[in-house]
Amino acid sequence: MKATIRINKENEISRIDNRIYSSFIEHLGRAVYGGIYEPGHPTADDMGFRQDVMEIIKELNVPMVRYPGGNFVSGYNWEDGTGDKSRRPRKMELAWGSIETNEVGIDEFQEWAKRAGSEVMMAVNLGTRGADDARNLVEYCNSSTDTFYAQMRRRNGFEKPFGIKVWCLGNEMDGDWQIGTKRPMEYARIACESAKLMKMVDPTIELVACGSSGPQMPTFGEWEETVLREAYNHLDYISLHSYYGNPDNDSQQYFGSAAIMDKFIGDVVDICDKIKEEKKSDKTIMLSFDEWNVWFHSNEQDKKQEPWQVAPPLLEDMYNLEDAIVVGDLMITLLKHADRVKIACLAQLVNVIAPIMTETGGGVWKQTIFYPFMYTSINGRGTALKTEVESETFTAGKSENTPCVDAATVLSEDGKTLSVFAVNRKIGEAAELEIEGLDGFRLVSHISMEGDDLKAGNSMAEPDKVTPVNHEINDKVTLTGGSWNYLKYEK
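Nothing here was measured: the structure is a model prediction, and the numbers come from that model.

Participant: Which residues make up the packing of aromatic side chains, and what are the values?
Facilitator: The tally for this structure, following the rule as stated, stands at 20 aromatic pairs. Note on Tyr254 and Phe296: the rings are 6.2 Å apart at their centroids and 75 degrees apart in plane angle, and the pair reads as edge-to-face. Remark: Phe296 occurs in the loop between strand E10 (286–294) and helix H9 (299–302) and Tyr254 occurs in helix H7 (residues 251–254); sequence separation between them is 42 residues. Residue classification places Tyr254 among the buried residues on the basis of a relative accessible area of 2%. Judged by relative accessible area, which is 16%, Phe296 ranks as buried.

Structure representation (C-alpha coordinates):
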(Lines give C-alpha, C1' and ligand atoms only; values in the text may rest on other atoms or scores of the structure.)
Protein backbone atom coordinates (compact mmCIF):
# COMPACT_ATOMS: atom_id res chain seq x y z
CA MET A 1 0.00 0.00 0.00
CA LYS A 2 1.20 3.51 -0.83
CA ALA A 3 0.26 6.65 1.07
CA THR A 4 1.11 10.34 0.68
CA ILE A 5 1.46 12.91 3.43
CA ARG A 6 1.49 16.57 2.35
CA ILE A 7 2.78 19.17 4.79
CA ASN A 8 2.37 22.90 4.23
CA LYS A 9 4.55 24.84 6.66
CA GLU A 10 2.69 28.03 5.73
CA ASN A 11 -0.72 26.55 6.54
CA GLU A 12 -1.03 26.53 10.31
CA ILE A 13 -3.91 24.96 12.22
CA SER A 14 -2.98 26.65 15.49
CA ARG A 15 -0.32 27.01 18.08
CA ILE A 16 -0.74 23.97 20.31
CA ASP A 17 -1.86 24.60 23.87
CA ASN A 18 0.42 22.38 25.96
CA ARG A 19 -2.53 21.59 28.22
CA ILE A 20 -3.72 19.02 25.68
CA TYR A 21 -1.10 16.79 27.35
CA SER A 22 -2.84 16.97 30.72
CA SER A 23 -4.05 14.03 32.78
CA PHE A 24 -6.46 13.16 35.57
CA ILE A 25 -6.32 11.76 39.10
CA GLU A 26 -9.58 10.87 40.83
CA HIS A 27 -10.20 9.49 44.29
CA LEU A 28 -10.93 6.13 42.71
CA GLY A 29 -9.32 2.74 43.24
CA ARG A 30 -5.56 3.01 43.78
CA ALA A 31 -5.02 6.26 41.88
CA VAL A 32 -4.29 8.23 45.06
CA TYR A 33 -3.79 5.70 47.86
CA GLY A 34 -1.13 3.24 46.76
CA GLY A 35 -0.62 5.25 43.58
CA ILE A 36 0.78 8.73 44.04
CA TYR A 37 0.50 8.57 47.85
CA GLU A 38 1.85 5.85 50.12
CA PRO A 39 3.50 7.14 53.32
CA GLY A 40 5.04 3.79 54.27
CA HIS A 41 6.69 3.22 50.90
CA PRO A 42 10.52 3.17 50.78
CA THR A 43 10.50 6.03 48.25
CA ALA A 44 7.91 8.22 50.04
CA ASP A 45 8.87 11.84 50.62
CA ASP A 46 8.07 14.00 53.66
CA MET A 47 4.39 14.22 52.60
CA GLY A 48 3.99 10.55 51.72
CA PHE A 49 4.23 10.93 47.95
CA ARG A 50 5.93 8.06 46.13
CA GLN A 51 9.03 9.38 44.43
CA ASP A 52 9.42 6.37 42.14
CA VAL A 53 5.98 7.21 40.72
CA MET A 54 6.76 10.94 40.65
CA GLU A 55 9.89 10.43 38.54
CA ILE A 56 8.03 8.43 35.90
CA ILE A 57 5.20 10.98 35.83
CA LYS A 58 7.78 13.69 35.15
CA GLU A 59 8.87 11.80 32.03
CA LEU A 60 5.42 12.47 30.57
CA ASN A 61 5.74 16.25 31.09
CA VAL A 62 2.09 16.61 32.14
CA PRO A 63 1.26 20.33 32.47
CA MET A 64 -2.04 19.99 34.36
CA VAL A 65 -3.92 17.30 36.29
CA ARG A 66 -7.70 17.26 36.76
CA TYR A 67 -8.79 16.59 40.37
CA PRO A 68 -10.57 15.14 42.42
CA GLY A 69 -13.01 13.62 39.95
CA GLY A 70 -14.76 12.30 38.04
CA ASN A 71 -17.86 10.70 39.51
CA PHE A 72 -16.27 11.08 42.95
CA VAL A 73 -16.63 14.86 42.97
CA SER A 74 -20.43 14.82 42.74
CA GLY A 75 -20.72 13.58 46.33
CA TYR A 76 -17.57 15.18 47.75
CA ASN A 77 -17.34 17.73 50.56
CA TRP A 78 -14.02 19.44 49.89
CA GLU A 79 -13.59 20.56 53.51
CA ASP A 80 -13.17 16.89 54.52
CA GLY A 81 -9.76 16.87 52.81
CA THR A 82 -8.35 19.93 54.58
CA GLY A 83 -6.68 20.71 57.89
CA ASP A 84 -5.56 18.32 60.64
CA LYS A 85 -5.39 14.78 59.21
CA SER A 86 -6.20 13.21 62.56
CA ARG A 87 -9.59 14.93 62.52
CA ARG A 88 -10.59 14.19 58.94
CA PRO A 89 -13.68 11.99 58.58
CA ARG A 90 -13.81 8.56 56.98
CA LYS A 91 -16.72 8.61 54.56
CA MET A 92 -18.78 6.18 52.47
CA GLU A 93 -17.78 7.10 48.92
CA LEU A 94 -20.96 6.37 47.01
CA ALA A 95 -19.77 6.83 43.42
CA TRP A 96 -17.37 3.86 43.55
CA GLY A 97 -18.64 2.01 46.65
CA SER A 98 -15.43 2.57 48.61
CA ILE A 99 -14.27 4.06 51.90
CA GLU A 100 -12.65 7.50 51.54
CA THR A 101 -10.18 8.24 54.36
CA ASN A 102 -9.62 11.86 53.29
CA GLU A 103 -5.91 11.59 54.09
CA VAL A 104 -5.36 13.41 50.79
CA GLY A 105 -7.35 16.47 49.80
CA ILE A 106 -6.71 19.76 48.04
CA ASP A 107 -4.16 20.75 50.72
CA GLU A 108 -1.94 17.83 49.80
CA PHE A 109 -2.79 17.52 46.12
CA GLN A 110 -1.84 21.07 45.19
CA GLU A 111 1.56 20.46 46.78
CA TRP A 112 1.92 17.14 44.94
CA ALA A 113 1.15 18.92 41.66
CA LYS A 114 3.87 21.51 42.30
CA ARG A 115 6.39 18.77 43.04
CA ALA A 116 5.33 16.95 39.87
CA GLY A 117 5.77 20.12 37.79
CA SER A 118 2.04 20.35 37.04
CA GLU A 119 -0.89 22.62 37.75
CA VAL A 120 -4.26 21.61 39.19
CA MET A 121 -7.48 21.59 37.17
CA MET A 122 -10.05 21.63 39.99
CA ALA A 123 -13.58 20.25 39.79
CA VAL A 124 -16.42 21.48 42.00
CA ASN A 125 -19.35 19.44 43.28
CA LEU A 126 -22.55 20.36 41.46
CA GLY A 127 -24.21 17.05 42.33
CA THR A 128 -25.03 17.26 46.05
CA ARG A 129 -23.79 20.85 46.35
CA GLY A 130 -23.90 24.02 44.30
CA ALA A 131 -22.89 27.63 43.79
CA ASP A 132 -22.26 28.49 47.44
CA ASP A 133 -19.74 25.72 48.04
CA ALA A 134 -18.15 26.33 44.65
CA ARG A 135 -17.41 29.97 45.44
CA ASN A 136 -16.18 29.03 48.93
CA LEU A 137 -13.69 26.58 47.43
CA VAL A 138 -12.41 29.22 45.01
CA GLU A 139 -11.89 31.57 47.96
CA TYR A 140 -10.08 28.85 49.93
CA CYS A 141 -7.77 28.07 47.02
CA ASN A 142 -7.19 31.44 45.40
CA SER A 143 -8.01 34.37 47.66
CA SER A 144 -5.58 36.56 49.60
CA THR A 145 -8.37 38.46 51.38
CA ASP A 146 -8.93 38.65 55.13
CA THR A 147 -12.06 36.51 54.88
CA PHE A 148 -13.29 33.23 56.32
CA TYR A 149 -12.15 30.63 53.77
CA ALA A 150 -8.88 32.36 52.94
CA GLN A 151 -8.14 32.48 56.66
CA MET A 152 -9.12 28.82 56.94
CA ARG A 153 -6.44 27.99 54.36
CA ARG A 154 -3.89 30.03 56.33
CA ARG A 155 -4.79 28.21 59.56
CA ASN A 156 -4.20 24.96 57.70
CA GLY A 157 -0.64 26.05 57.00
CA PHE A 158 -0.85 27.68 53.58
CA GLU A 159 -0.24 31.43 53.68
CA LYS A 160 -0.06 31.88 49.91
CA PRO A 161 -3.06 31.11 47.67
CA PHE A 162 -2.83 27.97 45.54
CA GLY A 163 -3.56 29.94 42.36
CA ILE A 164 -5.69 27.32 40.58
CA LYS A 165 -6.72 28.76 37.21
CA VAL A 166 -8.89 26.12 35.51
CA TRP A 167 -12.11 24.86 37.13
CA CYS A 168 -14.65 22.23 36.04
CA LEU A 169 -18.30 22.96 36.77
CA GLY A 170 -19.17 19.45 37.96
CA ASN A 171 -18.71 16.15 36.15
CA GLU A 172 -20.87 14.20 33.68
CA MET A 173 -24.06 15.70 35.09
CA ASP A 174 -26.11 14.21 32.23
CA GLY A 175 -25.39 10.63 33.32
CA ASP A 176 -27.91 8.62 35.33
CA TRP A 177 -24.94 7.02 37.12
CA GLN A 178 -23.92 10.44 38.46
CA ILE A 179 -24.75 11.54 41.99
CA GLY A 180 -27.15 14.46 41.54
CA THR A 181 -27.88 13.86 37.85
CA LYS A 182 -29.39 16.87 36.14
CA ARG A 183 -31.60 17.42 33.13
CA PRO A 184 -30.19 19.89 30.58
CA MET A 185 -31.85 23.05 31.93
CA GLU A 186 -31.29 22.03 35.56
CA TYR A 187 -27.57 21.79 34.93
CA ALA A 188 -27.50 24.89 32.75
CA ARG A 189 -28.95 26.98 35.58
CA ILE A 190 -26.68 25.66 38.35
CA ALA A 191 -23.63 25.93 36.09
CA CYS A 192 -24.50 29.51 35.16
CA GLU A 193 -25.03 30.66 38.74
CA SER A 194 -21.97 28.81 40.04
CA ALA A 195 -19.85 30.33 37.29
CA LYS A 196 -21.06 33.83 38.16
CA LEU A 197 -20.15 33.47 41.83
CA MET A 198 -16.83 31.78 41.18
CA LYS A 199 -15.71 34.55 38.83
CA MET A 200 -16.86 37.18 41.32
CA VAL A 201 -14.39 35.66 43.79
CA ASP A 202 -11.60 35.35 41.21
CA PRO A 203 -12.21 36.95 37.79
CA THR A 204 -8.99 35.42 36.40
CA ILE A 205 -10.14 31.79 36.49
CA GLU A 206 -11.20 29.79 33.42
CA LEU A 207 -14.34 27.66 33.61
CA VAL A 208 -15.23 24.38 31.91
CA ALA A 209 -18.91 23.45 31.64
CA CYS A 210 -19.97 19.83 31.44
CA GLY A 211 -20.76 18.70 27.94
CA SER A 212 -22.35 15.35 27.22
CA SER A 213 -20.69 12.27 28.70
CA GLY A 214 -20.25 10.99 25.16
CA PRO A 215 -21.84 11.20 21.71
CA GLN A 216 -24.00 8.19 22.57
CA MET A 217 -25.98 10.07 25.23
CA PRO A 218 -29.68 10.54 24.38
CA THR A 219 -29.48 14.30 25.07
CA PHE A 220 -26.24 14.88 23.13
CA GLY A 221 -26.58 18.12 21.22
CA GLU A 222 -29.61 19.30 23.14
CA TRP A 223 -27.48 19.32 26.29
CA GLU A 224 -24.69 21.40 24.79
CA GLU A 225 -27.08 23.89 23.20
CA THR A 226 -29.04 24.36 26.42
CA VAL A 227 -25.96 24.87 28.58
CA LEU A 228 -24.34 27.28 26.13
CA ARG A 229 -27.49 29.33 25.62
CA GLU A 230 -27.89 29.77 29.36
CA ALA A 231 -24.30 30.31 30.51
CA TYR A 232 -22.33 31.36 27.40
CA ASN A 233 -21.02 34.65 28.79
CA HIS A 234 -19.55 32.98 31.88
CA LEU A 235 -17.88 29.99 30.20
CA ASP A 236 -14.53 29.45 28.52
CA TYR A 237 -14.72 25.76 27.58
CA ILE A 238 -17.19 22.93 27.22
CA SER A 239 -16.05 19.42 28.04
CA LEU A 240 -16.02 16.23 25.99
CA HIS A 241 -15.64 12.75 27.49
CA SER A 242 -15.21 9.54 25.52
CA TYR A 243 -13.63 6.14 26.04
CA TYR A 244 -12.74 3.56 23.42
CA GLY A 245 -12.31 -0.19 23.55
CA ASN A 246 -12.31 -3.53 21.80
CA PRO A 247 -14.86 -5.65 23.70
CA ASP A 248 -15.79 -7.57 20.52
CA ASN A 249 -12.13 -8.46 19.89
CA ASP A 250 -12.23 -6.98 16.39
CA SER A 251 -8.87 -5.26 16.16
CA GLN A 252 -9.42 -3.82 12.68
CA GLN A 253 -12.68 -2.19 13.76
CA TYR A 254 -10.97 -0.97 16.95
CA PHE A 255 -8.37 0.83 14.83
CA GLY A 256 -11.17 3.08 13.59
CA SER A 257 -11.62 4.66 17.04
CA ALA A 258 -9.92 7.95 16.15
CA ALA A 259 -12.39 8.57 13.34
CA ILE A 260 -15.20 8.38 15.92
CA MET A 261 -13.35 10.88 18.13
CA ASP A 262 -12.81 13.16 15.14
CA LYS A 263 -16.55 13.28 14.37
CA PHE A 264 -17.41 13.90 18.03
CA ILE A 265 -15.08 16.91 18.17
CA GLY A 266 -16.41 18.27 14.89
CA ASP A 267 -20.02 17.97 16.06
CA VAL A 268 -19.33 19.83 19.32
CA VAL A 269 -17.43 22.58 17.47
CA ASP A 270 -20.45 23.04 15.18
CA ILE A 271 -22.78 23.36 18.18
CA CYS A 272 -20.52 25.90 19.89
CA ASP A 273 -20.31 28.01 16.74
CA LYS A 274 -24.06 27.80 16.19
CA ILE A 275 -24.72 29.30 19.63
CA LYS A 276 -21.96 31.89 19.14
CA GLU A 277 -23.71 33.08 15.96
CA GLU A 278 -27.10 32.92 17.64
CA LYS A 279 -25.84 35.17 20.46
CA LYS A 280 -23.85 37.39 18.10
CA SER A 281 -20.92 36.94 20.48
CA ASP A 282 -17.28 37.81 19.87
CA LYS A 283 -16.20 34.98 22.16
CA THR A 284 -15.38 31.51 20.85
CA ILE A 285 -15.99 28.60 23.24
CA MET A 286 -13.04 26.23 23.22
CA LEU A 287 -13.08 22.49 23.94
CA SER A 288 -11.74 20.62 26.96
CA PHE A 289 -11.55 16.90 26.13
CA ASP A 290 -10.92 16.23 29.81
CA GLU A 291 -11.60 12.50 29.86
CA TRP A 292 -10.32 10.26 27.09
CA ASN A 293 -8.61 6.88 26.96
CA VAL A 294 -9.07 3.19 26.27
CA TRP A 295 -11.25 1.55 28.92
CA PHE A 296 -12.81 -1.91 28.77
CA HIS A 297 -10.34 -4.55 30.00
CA SER A 298 -11.24 -4.32 33.70
CA ASN A 299 -15.04 -4.27 33.42
CA GLU A 300 -15.63 -7.87 34.50
CA GLN A 301 -12.95 -7.79 37.20
CA ASP A 302 -14.54 -4.70 38.78
CA LYS A 303 -17.88 -6.47 39.18
CA LYS A 304 -16.20 -8.93 41.58
CA GLN A 305 -14.91 -6.30 44.02
CA GLU A 306 -16.42 -6.25 47.51
CA PRO A 307 -17.84 -2.83 48.46
CA TRP A 308 -16.59 -0.51 51.20
CA GLN A 309 -12.88 -1.15 50.94
CA VAL A 310 -10.17 1.49 51.15
CA ALA A 311 -8.50 1.91 47.75
CA PRO A 312 -9.67 -1.33 46.10
CA PRO A 313 -8.08 -2.25 42.74
CA LEU A 314 -10.70 -0.73 40.42
CA LEU A 315 -10.45 0.06 36.69
CA GLU A 316 -7.00 -1.51 36.46
CA ASP A 317 -6.95 -2.09 32.72
CA MET A 318 -3.85 -4.00 31.58
CA TYR A 319 -3.05 -2.46 28.21
CA ASN A 320 -1.58 -4.19 25.19
CA LEU A 321 0.08 -3.15 21.95
CA GLU A 322 -3.12 -2.44 20.03
CA ASP A 323 -4.27 -0.16 22.86
CA ALA A 324 -1.02 1.81 22.54
CA ILE A 325 -1.58 2.22 18.79
CA VAL A 326 -5.12 3.48 19.39
CA VAL A 327 -3.98 5.93 22.10
CA GLY A 328 -1.32 7.30 19.76
CA ASP A 329 -3.94 7.66 17.03
CA LEU A 330 -6.33 9.49 19.36
CA MET A 331 -3.54 11.96 20.14
CA ILE A 332 -3.09 12.56 16.42
CA THR A 333 -6.78 13.52 16.29
CA LEU A 334 -6.39 15.96 19.19
CA LEU A 335 -3.48 17.63 17.39
CA LYS A 336 -5.54 17.94 14.20
CA HIS A 337 -8.07 19.96 16.21
CA ALA A 338 -5.53 22.14 18.04
CA ASP A 339 -7.42 25.25 16.98
CA ARG A 340 -10.35 24.30 19.25
CA VAL A 341 -9.18 21.57 21.64
CA LYS A 342 -7.10 23.54 24.12
CA ILE A 343 -7.26 21.12 27.06
CA ALA A 344 -7.27 17.32 27.03
CA CYS A 345 -6.82 14.93 29.95
CA LEU A 346 -5.72 11.34 29.58
CA ALA A 347 -7.88 9.54 32.11
CA GLN A 348 -6.18 8.61 34.30
CA LEU A 349 -2.53 8.88 35.38
CA VAL A 350 -1.69 6.09 37.87
CA ASN A 351 -3.24 2.61 38.36
CA VAL A 352 -6.76 3.55 37.19
CA ILE A 353 -6.97 3.10 33.37
CA ALA A 354 -3.47 4.50 33.42
CA PRO A 355 -0.10 4.57 31.67
CA ILE A 356 1.66 3.96 35.00
CA MET A 357 1.05 1.02 37.35
CA THR A 358 2.29 0.33 40.86
CA GLU A 359 2.43 -2.46 43.37
CA THR A 360 1.33 -1.19 46.75
CA GLY A 361 4.50 -1.37 48.84
CA GLY A 362 6.44 -2.46 45.76
CA GLY A 363 7.61 -1.30 42.35
CA VAL A 364 6.30 0.73 39.45
CA TRP A 365 6.16 0.03 35.71
CA LYS A 366 5.07 1.58 32.41
CA GLN A 367 2.10 0.32 30.43
CA THR A 368 2.16 0.18 26.64
CA ILE A 369 0.14 3.40 26.31
CA PHE A 370 2.84 5.29 28.22
CA TYR A 371 5.07 5.49 25.16
CA PRO A 372 2.89 7.18 22.51
CA PHE A 373 1.66 9.64 25.13
CA MET A 374 5.22 10.44 26.21
CA TYR A 375 6.63 10.88 22.71
CA THR A 376 3.71 13.09 21.65
CA SER A 377 3.79 15.16 24.86
CA ILE A 378 7.53 15.79 24.60
CA ASN A 379 7.71 16.38 20.84
CA GLY A 380 4.25 17.66 19.97
CA ARG A 381 4.76 21.20 21.23
CA GLY A 382 4.79 24.17 18.94
CA THR A 383 2.46 24.75 15.98
CA ALA A 384 0.15 22.17 14.42
CA LEU A 385 0.38 22.29 10.62
CA LYS A 386 -2.32 21.37 8.15
CA THR A 387 -1.46 17.83 7.03
CA GLU A 388 -3.19 16.19 4.09
CA VAL A 389 -3.09 12.42 3.81
CA GLU A 390 -3.96 10.27 0.82
CA SER A 391 -4.32 6.56 1.46
CA GLU A 392 -6.53 3.58 0.92
CA THR A 393 -9.49 3.07 3.25
CA PHE A 394 -10.89 0.11 5.14
CA THR A 395 -14.30 -0.94 6.43
CA ALA A 396 -14.63 -3.16 9.50
CA GLY A 397 -17.74 -3.33 11.64
CA LYS A 398 -18.69 0.23 12.65
CA SER A 399 -15.56 1.61 11.00
CA GLU A 400 -16.64 2.52 7.47
CA ASN A 401 -14.34 3.96 4.80
CA THR A 402 -11.71 4.82 7.39
CA PRO A 403 -8.34 6.00 6.03
CA CYS A 404 -5.66 3.39 6.57
CA VAL A 405 -3.04 6.08 7.21
CA ASP A 406 -3.45 9.29 9.16
CA ALA A 407 -0.97 11.85 10.45
CA ALA A 408 -0.43 15.12 12.29
CA THR A 409 2.57 17.44 11.96
CA VAL A 410 4.05 19.81 14.54
CA LEU A 411 6.62 22.53 13.87
CA SER A 412 8.74 23.19 16.96
CA GLU A 413 8.87 26.60 18.65
CA ASP A 414 12.30 27.34 17.16
CA GLY A 415 11.26 26.18 13.68
CA LYS A 416 14.11 23.68 13.49
CA THR A 417 12.18 20.42 14.04
CA LEU A 418 9.22 18.87 12.25
CA SER A 419 7.52 16.09 14.16
CA VAL A 420 5.26 13.82 12.14
CA PHE A 421 3.00 11.50 14.13
CA ALA A 422 1.59 8.83 11.82
CA VAL A 423 -0.53 5.71 12.18
CA ASN A 424 -1.07 2.79 9.85
CA ARG A 425 -4.41 1.33 10.86
CA LYS A 426 -4.39 -1.49 8.32
CA ILE A 427 -3.36 -4.68 10.11
CA GLY A 428 -0.91 -6.82 8.19
CA GLU A 429 -0.29 -4.36 5.34
CA ALA A 430 2.68 -2.00 5.36
CA ALA A 431 2.36 1.53 3.99
CA GLU A 432 5.13 3.02 1.88
CA LEU A 433 5.13 6.75 2.58
CA GLU A 434 5.78 9.64 0.29
CA ILE A 435 6.08 12.85 2.32
CA GLU A 436 5.82 16.20 0.54
CA GLY A 437 6.70 19.61 1.97
CA LEU A 438 9.87 18.67 3.84
CA ASP A 439 12.09 21.22 2.09
CA GLY A 440 15.23 21.70 4.14
CA PHE A 441 14.35 19.00 6.69
CA ARG A 442 15.89 15.53 6.94
CA LEU A 443 14.73 12.47 8.84
CA VAL A 444 16.85 11.88 11.95
CA SER A 445 14.79 9.28 13.83
CA HIS A 446 11.83 6.95 13.37
CA ILE A 447 10.34 5.13 16.33
CA SER A 448 7.16 3.07 16.34
CA MET A 449 4.84 0.98 18.44
CA GLU A 450 4.52 -2.23 16.46
CA GLY A 451 4.89 -5.99 16.81
CA ASP A 452 3.68 -9.41 15.75
CA ASP A 453 1.39 -9.80 18.78
CA LEU A 454 -1.16 -7.01 19.15
CA LYS A 455 -2.30 -8.53 22.45
CA ALA A 456 1.14 -8.39 24.10
CA GLY A 457 1.44 -6.13 27.14
CA ASN A 458 3.78 -5.18 29.97
CA SER A 459 3.67 -6.26 33.60
CA MET A 460 5.71 -6.00 36.79
CA ALA A 461 7.39 -9.27 35.82
CA GLU A 462 7.97 -8.19 32.20
CA PRO A 463 8.03 -4.37 32.24
CA ASP A 464 9.75 -4.06 28.85
CA LYS A 465 7.90 -6.67 26.85
CA VAL A 466 6.36 -3.97 24.63
CA THR A 467 8.53 -0.90 24.06
CA PRO A 468 9.16 1.45 21.12
CA VAL A 469 11.00 0.09 18.08
CA ASN A 470 13.84 2.17 16.61
CA HIS A 471 14.00 2.05 12.79
CA GLU A 472 17.05 2.39 10.62
CA ILE A 473 17.05 5.65 8.68
CA ASN A 474 17.13 5.31 4.89
CA ASP A 475 15.57 6.84 1.79
CA LYS A 476 12.25 5.09 2.26
CA VAL A 477 9.79 5.49 5.13
CA THR A 478 7.60 2.47 5.71
CA LEU A 479 4.87 2.20 8.32
CA THR A 480 4.39 -1.37 9.47
CA GLY A 481 0.84 -2.69 9.22
CA GLY A 482 -0.89 -1.92 12.52
CA SER A 483 1.54 0.65 13.96
CA TRP A 484 1.88 4.10 15.51
CA ASN A 485 4.94 6.09 14.46
CA TYR A 486 6.95 9.16 15.39
CA LEU A 487 9.11 10.63 12.60
CA LYS A 488 11.51 13.38 13.63
CA TYR A 489 12.86 15.74 10.96
CA GLU A 490 15.51 18.43 11.56
CA LYS A 491 16.99 21.23 9.49
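Participant: How would you explain the packing of helix H6 (residues 222–231) against helix H8 (residues 257–279) if you had to name every residue and give the values?
Facilitator: H8 packs onto H6 with a crossing angle of 35 degrees between their chain directions and a minimal axis gap of 10 Å. Relative to H8, H6 is oriented so that their crossing is right-handed. Between H6 and H8, the residues in contact are Glu224, Glu225, Leu228 and Arg229 and Ile271, Cys272, Lys274, Ile275, Glu278 and Lys279, respectively. Looking at the contact of H6 with H8 residue by residue, the classes come out as 4 nonpolar, no polar and 6 charged.

Participant: Which residues make up the packing of helix H10 (residues 321–336) against helix H11 (residues 370–379), and what are the values?
Facilitator: The contact between H10 and H11 brings their axes to 8 Å, and the two run at 25 degrees. One element, H10, and the other, H11, form an angle in the roughly parallel class. In this structure, the crossing between H10 and H11 has a hand that is right-handed. Residues Ala324, Val327, Gly328, Met331 and Leu335 of H10 touch H11, and the partners they reach there are Pro372, Phe373 and Thr376. Taken together, the residues of the contact of H10 with H11 sort by class into 6 nonpolar, 2 polar and no charged.

Participant: So, unusual backbone geometry: which residues are in play, and what are the values?
Facilitator: Here Tyr67 and Pro68 are connected by a cis peptide whose omega angle stands at 0 degrees. Tracing the chain through its elements places Pro68 in the loop between strand E3 (64–67) and strand E4 (91–93). For the bond running from Gly69 to Gly70, omega is 15 degrees, close enough to zero to count as cis. Tracing the backbone shows Gly70 in the loop between E3 and E4. Positive phi values are uncommon outside glycine, yet Glu172 reaches one of about 45 degrees. The residue Glu172 is located in the loop between strand E7 (166–169) and helix H5 (184–201) in this model. Exposure remark for Glu172: the relative accessible area of 8% places this residue in the buried category. At Ile353, a position not held by glycine, the phi torsion is positive, near 30 degrees. Within the fold, Ile353 resides in the loop between strand E12 (341–347) and strand E13 (356–358). By relative accessible area, which is 0% here, Ile353 ends up buried.

Participant: Got a sec to walk through the nonpolar core? Specific residues and values, please.
Facilitator: The biggest cluster of nonpolar side chains holds 123 residues, and the ones touching the most others in it are Trp112, Trp167, Tyr187, Phe289 and Trp292. The element best represented in this core is H10, accounting for 10 residues. Setting aside residues no more than four positions away along its own chain, Trp112 makes contact with Ile25, Ile36, Phe49, Met54, Ile57, Val65 and Leu349. Among the nonpolar cores identified, the runner-up in size contains 24 residues, and Cys404, Ala407, Leu487 and Tyr489 belong to it.

Cut-offs used in this document
Residue indices begin from 1 for each chain and proceed along its sequence in written order. Where totals are concerned, whole chains, interfaces and linings use all residues; where local detail is concerned, this predicted model gives features only for residues with pLDDT of at least 70, and gives and counts side-chain atom pairs only at 80 or more. Hydrogens and water are ignored here; the side-chain numbers use all heavy atoms of the structure. Each Phe, Tyr or Trp ring, with Trp reduced to its six-membered ring, pairs with another whose centre is within 6.5 Å; inter-plane angles below 30 degrees give stacked pairs, above 60 give edge-to-face pairs, and intermediate values give tilted ones. Each helix is a run of DSSP H or I of at least 4 residues and each strand a run of E of at least 2, with the numbering of both proceeding from the N terminus. Residue exposure (1.4 Å probe, protein chains only): buried if accessible area is under 20% of the type maximum, exposed if over 50%, otherwise partly exposed. In this description, a line fitted to the C-alpha atoms serves as the axis of each element, helices being fitted only across the stretch in contact, and the angle between N-to-C directions of two axes falls anywhere from 0 to 180 degrees. Note on convention: near helix rotated counterclockwise from far helix by under a right angle means a left-handed crossing. Clockwise means right-handed. Residue contacts are counted whenever heavy atoms from the two residues lie within 4.5 Å of one another. Just so you know the grouping, Ala, Val, Leu, Ile, Met, Phe, Trp, Tyr, Cys and Pro go in nonpolar, Asp, Glu, Lys and Arg go in charged, and all remaining residues, Gly too, go in polar. For classification purposes, angles smaller than 35 degrees are called roughly parallel, those larger than 145 roughly antiparallel, those between 65 and 115 roughly perpendicular, and all remaining angles oblique. Here, the term nonpolar core denotes a set of buried Ala, Val, Leu, Ile, Met, Phe, Trp, Tyr and Cys residues that are joined through side-chain atoms within 4.5 Å.

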